[in-house]
Amino acid sequence: MGKMFIVLGMVFIIIGIFWTFIGKLPGDFTFKKGNVTFHFPLMTSIVVSIILSLLFLLINKFR
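Residues numbered from 1 in each chain as written. Predicted model: local features only at pLDDT ≥ 70, side-chain atom pairs only at ≥ 80, totals over all residues. Heavy atoms only, no water.

**Quick look at the overall build of the chain**
Thinking step 1. Looking only at helices and strands, the chain has two helices and two strands in total.
Thinking step 2. The C-alpha atoms of the chain give a radius of gyration of 16 Å, which is well past the 11 Å a tight globule of 63 residues would have.
Thinking step 3. Projecting the C-alpha coordinates of the chain onto the three principal axes gives extents of approximately 50 × 30 × 15 Å.
Thinking step 4. The buried share of the chain, reckoned over its 63 residues, is 5%.
Thinking step 5. Accessible area of the chain: about 5,900 Å², with a carbon and sulfur share of 78%. (Helix = DSSP H or I, 4+ residues; strand = E, 2+ residues; numbered from the N terminus. Rg over C-alpha atoms; globule rule 2.2 N^0.38 Å. Buried < 20%, exposed > 50% of the residue type's maximum accessible area, 1.4 Å probe, protein only. Areas by Shrake-Rupley, 256 points an atom, 1.4 Å probe, with all protein chains shown as cover.)

Spelled out as structure tokens, the structure:
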């Protein structure tokens, strides 16, 4: 159980590092009005969705 948490933590760290590179793509919308900021990562969501779909497709093919 402990090893699983260590691996899961390492996966989250790797995802966080990659997220800083793809978190500000053109197509991500940021709205500022006064002291309120709303960030809608539309293009980032599309890219992550495509990557996860391809990953799950590959996992399903080799299973």
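Next comes the rest of the account.
**Looking at the packing of aromatic side chains**
Thinking step 1. A full pass over the atoms with the stated rule returns three aromatic pairs.
Thinking step 2. Ring geometry for Phe29 versus Phe31: centroids 6.4 Å apart, planes at 15 degrees, classification stacked.
Thinking step 3. Here Phe29 falls in the partly exposed class, since its relative accessible area comes to 39%.
Thinking step 4. Both rings, one in Phe31 and one in Phe38, keep their centres 6.4 Å apart while their planes meet at 15 degrees; by these two values the pair is stacked. (Phe/Tyr/Trp six-rings, centres within 6.5 Å; stacked < 30°, edge-to-face > 60°.)

**Some details on the pairing of strand β2 (residues 36-40)**
Thinking step 1. Where strand β1 (residues 29-33) and β2 come together, five bridges link them in antiparallel fashion. Directly across from Lys32, in β2, lies its bridge partner Thr37.
Thinking step 2. Here β1 hands over to β2 after two residues, with Gly34 in that stretch at a positive phi of 70 degrees. (Pairing = 2+ DSSP bridges.)

**Observations regarding a nonpolar patch on the surface**
Thinking step 1. Judged by side-chain polarity, Phe29, Phe31, Phe38, Phe40, Leu42, Met43, Ile46, Ile50, Leu54 and Leu57 come together as a nonpolar surface patch covering roughly 930 Å² of accessible area.
Thinking step 2. Secondary-structure elements contributing two or more residues to the nonpolar patch are β1, β2 and α2 (42-61).
Thinking step 3. Sorting elements by how many residues they give to the nonpolar patch places α2 first, with six residues.
Thinking step 4. Structurally, the position occupied by Leu57 is in helix α2.
Thinking step 5. Residue class for Leu57 comes out partly exposed when judged on its relative accessible area of 46%. (Patch = residues over 30% accessible without salt bridge, like charges linked within 9 Å, V, L, I, M, F, W, Y side chains within 5 Å. Salt bridge = Lys/Arg side-chain N within 4 Å of Asp/Glu carboxyl O.)

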